[in-house]
Amino acid sequence: MNSPDVLVIGAGLAGLTCARRLHERNLDVQVLEASDRVGGRVRTDTVDGFRLDRGFQVLLTAYPETQRELDYDALDLHPFHDGALVRYNGRFHRIADPRRHPLDAPRTLVAPIGSLADKLRILRLRRTLARNSLPQVMERPEHTTLEALRTRWGFSSAMIDRFFRPFLGGIFFDRTLEASSRMFEFVFKMFAEGRTVLPAGGIDQMPRQMRQHLPGKAVRLNAPVEAVEAQSVTLHDGETLQAPHVVVATEAPETNRLVGDVTPTEGRSTVCLYYDAPRSPLDDPLLVLNGDGVGPINNVAVPSDVAPGYAPKDRALVSVVVVGPPPDPQDTLEREVRAQLIDWFGLQAGGWTHLQTQHIPYALPEQAPPFLSPPEKAVRRRPGLYVCGDHRRTASLNGAIAAGRAAADAVWADHTA
């Protein structure tokens, strides 16, 4: 094999973005991916005709990087309803964005999910973030999300416990709300300014689409890397490759193993359980939140209500998210989850077929402050060696792509120096 100009380790969104940008500048790029497909954590498996994303994932259409990198029309995006069902005190309470769903406004106002003042604070939060650019959001003092909700925005404990803990817990995999306030405000701004969607064919249609911009032999699958030294990359089978530029585009723990001095290496874990149901337990494509904070379930969704292709005809796919590591043995978790589903949705949930339990030990980087101080971490380790991934920017699809683009720019600058 001829030596390429650039070796990219990892075919997640960061690595694919980096490779595409360098290919467009006529550099010869070789991507090395340890698994059997592109996408990294952005992955979809097919089980009995159901599309099971690797954990419950969504795309926020307001992300500037995905707008730049992806063809939304080709992805055939399907939106969630801009609201949620919050399970509190034995009942479901429907809340929604009154601007997009004015008919839901009366129910939202009387729902016992925070006070009327809390709901007015939501509007103030939205207006303030709408007036701020993303760089301005990242310049605001960094605290924990919990501290920002309490002191900066003035939300009551009821609103925080019944809405923000399950809502943000499902995004950050952290019900303690220790994630950076900058991350919270960035994500909330994105939710407010765009739609929450799923691609018709599953979340992995995004990396698959990105892969199409590269030559056929540019991505080498089933090629795990053992070591990186100077400009040499050694694979697990002992093969050695060389290139003037090496980009490590993997999760933080793996990047730290390969090149060292990467922080943070800690991550947040989650468990996602999927069920085959004869029909959806919901009336609309809504997210269901555990506002009681009791039981293992953090949130429930029915992806096939959003994008029908997630399930075979006349079936429904139910997704359940549990935050944190699973108990041992894991079948205990499934029994506890099913009991809670029966409590929420009735005896019909007892007949749902359990399709799969996914434990994702590293679902996101640890985002507690000072994760985003600074908001953009260096991608150049030295001329010829670069790192990228969502641990270099915001822990999001947007952040992964942004880091990949930054790494490509750094490679190009060194290549043309």
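The notes below deal with the structure included here. Source: prediction; values computed, not measured.

This part is about the sheet that holds strand β11 (residues 225-229). Ordered by their spatial adjacency, three strands build an open sheet running β11-β12-β13, and the pairing between neighbours is antiparallel. The open sheet has two free edges, formed respectively by β11 and β13 (240-242), since each of these has just one partner strand. Each strand axis lies, on average, 20 degrees off the axis of its neighbour in the sheet, ignoring direction. Sheet analysis places strand β12 (residues 232-235) next to β13, joined by three bridges and oriented antiparallel. Looking across to β13, one finds that Val233 is bridged to Leu241.

With that out of the way, let us pick up the packing of aromatic side chains. Following the criterion strictly, the structure yields 13 aromatic pairs and no others. With 6.2 Å between their ring centres and 75 degrees between their planes, Trp344 and Phe345 make a pair best called edge-to-face. Note on accessibility: Trp344 and Phe345 belong to one class, buried. A network of ring pairs unites the aromatic residues Phe155, Phe163, Phe164, Phe167, Phe184, Phe188 and Phe191 as a single cluster. Over the ring of Phe92 we find Arg87, and its NZ or CZ is 4.7 Å from the ring centre. Seen from the ring of Phe371, Lys377 lies directly overhead, with NZ or CZ sitting 4.2 Å from the centre.

A separate point is a nonpolar patch on the surface. Side chains of Leu109, Val110, Leu116, Leu120 and Leu123 sit close together on the surface and give an oily, nonpolar patch of about 490 Å² of accessible area. At the level of secondary structure, the elements contributing two or more residues to the nonpolar patch comprise α4 (105-110) and α5 (116-131). Ranked by the residues each element gives to the nonpolar patch, the list is headed by α5, at three residues. Here Leu116 lies in helix α5. Exposure remark for Leu116: the relative accessible area of 51% places this residue in the exposed category.

About the thresholds
- Residues numbered from 1 in each chain as written.
- Predicted model: local features only at pLDDT ≥ 70, side-chain atom pairs only at ≥ 80, totals over all residues.
- Heavy atoms only, no water.
- Pairing = 2+ DSSP bridges.
- Helix = DSSP H or I, 4+ residues; strand = E, 2+ residues; numbered from the N terminus.
- Axes fitted to C-alpha atoms, helices over the stretch in contact; angles between N-to-C directions.
- Phe/Tyr/Trp six-rings, centres within 6.5 Å; stacked < 30°, edge-to-face > 60°.
- Buried < 20%, exposed > 50% of the residue type's maximum accessible area, 1.4 Å probe, protein only.
- Lys NZ or Arg CZ within 6 Å of the ring centre and 35° of its normal.
- Patch = residues over 30% accessible without salt bridge, like charges linked within 9 Å, V, L, I, M, F, W, Y side chains within 5 Å.
- Areas by Shrake-Rupley, 256 points an atom, 1.4 Å probe, with all protein chains shown as cover.
- Salt bridge = Lys/Arg side-chain N within 4 Å of Asp/Glu carboxyl O.

Note that every value here comes from positions in space, so none of it alone points to a role or purpose.
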